[in-house]
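# Per-entry structural report
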Amino acid sequence: MEFDDLNSFLDEKAKKIIEYFILKSLIAQPESIVGQKSLPIQVPKEHIEQWFTQALNVKPIGSGSYPIDIYSESKKWGADLKMLNMDINIDGKPSDTTSGEASLGQKFIGTGKSLDTLFEQKAYVQIMNSWLNLYKEKIKKASTDYKLKDIIYFFVLRPNLSSNNEASFYLCGARLDINKINKVEIDRATETSLFLKNFIDTNYGNTKIYKSKKRLELRLRPKFWIDNNKAIKITTTFNPKNINLRDTMVDFNFIQKRIDDISKTKVTFD
């Protein structure tokens, strides 16, 4: 999804709502002790879903295993929201590595139950077809249930805090072309994973079927998305505090001061 297409979902009202939720989430982040490395910002996936439900004025689905999290009743699109970790290099820039994983489908019965045996038998085509069919069935159900014309993935990339303590997020998105699933092939196999090709352009990420977790996983290459103008950067001036709370009077005044500090944080969309 190009920058302008992605940005078209975020009018000024939507940006203000997301800014509001970001500031609220920053208040909840635990402080590191003195000398400890700053912790990455954590936001529960359910909260991210609610950010976009409110910001985009759409309907929540409210089911963790369903293939979409929100949908637009008027425009007939549905979206799955994923929050992924991304690595930051020593200069505070996105590193050229893959992100954390996102589940696209998990199965513990049928083929999922016998997955260990199938890997031992090197029945890779059977494994691939089973998980792709699972994925297509999930997508078809969502499309039918809500009469969807379009299915979108919104990815919130959450970096570790960079060297200059700038806490930033990136938002990127992709539209699903379900017809291309039939072109997916086996790339390679290991003892624990079956890697697929043609599910996503290799510049943007990769997919694999992971034996131990019995699921189809997606990982992105955030730097490529960002370098090719396919991501919105959401920058904050949040500066995490390192403090030993046992040496501090943690009372109402302390809490109020922390809230006042965070309320001065600026959030910008680039």
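Structure: above.
Residues numbered from 1 in each chain as written. Predicted model: local features only at pLDDT ≥ 70, side-chain atom pairs only at ≥ 80, totals over all residues. Heavy atoms only, no water.

### Observations regarding the pattern of salt bridges
Pairing is possible between side chains that carry opposite charge, provided their charged atoms lie close to one another. This model, assessed by the stated rule, comprises 19 salt bridges. Two residues, K15 and E12, come together in a salt bridge whose shortest N-O distance is 3.9 Å. One end of the pair, K15, and the other, E12, are both in helix 2 (residues 12-27), three residues apart, so they sit about a helical turn from each other. Where salt bridges share partners, they join E101, K213, R215, E217 and R219 into one cluster. (Salt bridge = Lys/Arg side-chain N within 4 Å of Asp/Glu carboxyl O. Helix = DSSP H or I, 4+ residues; strand = E, 2+ residues; numbered from the N terminus.)

### Description of the side chain of D80
Take D80: it is sitting in strand 3 (residues 77-86). Within the structure, the side chain of D80 is placed 3.1 Å from the side chain of K82, a separation counted as a polar contact. The residues contacting D80, other than those within four sequence positions of it, are K45, P67, I68, D69, I152, Y153 and F154. (Polar contact = N/O pair within 3.5 Å; in protein donor to acceptor, adjacent residues only side chain to side chain. Contact = heavy atoms within 4.5 Å.)

### Section: a nonpolar patch on the surface
Where nonpolar side chains cluster on the molecular surface, the patch consists of I27, I255 and I259 and spans about 240 Å² of accessible area. Residue placement: I259 occurs in helix 7 (residues 252-263). (Patch = residues over 30% accessible without salt bridge, like charges linked within 9 Å, V, L, I, M, F, W, Y side chains within 5 Å. Areas by Shrake-Rupley, 256 points an atom, 1.4 Å probe, with all protein chains shown as cover.)

### Brief notes about the pairing of strand 9 (residues 205-210)
The pairing of strand 8 (residues 193-197) with strand 9 spans four bridges and is antiparallel. Looking across to strand 9, one finds that L194 is bridged to I209. Direction of pairing for strand 9 relative to strand 10 (residues 215-220): antiparallel, over a ladder of six bridges. Across the sheet, G205 pairs through a bridge with L220, a residue of strand 10. (Pairing = 2+ DSSP bridges.)

### Re the pairing of strand 3
Of all the ten residues making up strand 3, eight are buried; the element is thus mostly covered by neighbouring parts of the structure. Sheet analysis places strand 2 (residues 70-72) next to strand 3, joined by three bridges and oriented antiparallel. In the strand pairing of strand 3, I70 is matched with A79. Where strand 2 folds back on strand 3, the antiparallel hairpin that results is connected by four residues, among which K76 adopts a positive phi of roughly 60°. Direction of pairing for strand 3 relative to strand 5 (residues 150-159): parallel, over a ladder of ten bridges. (Buried < 20%, exposed > 50% of the residue type's maximum accessible area, 1.4 Å probe, protein only.)

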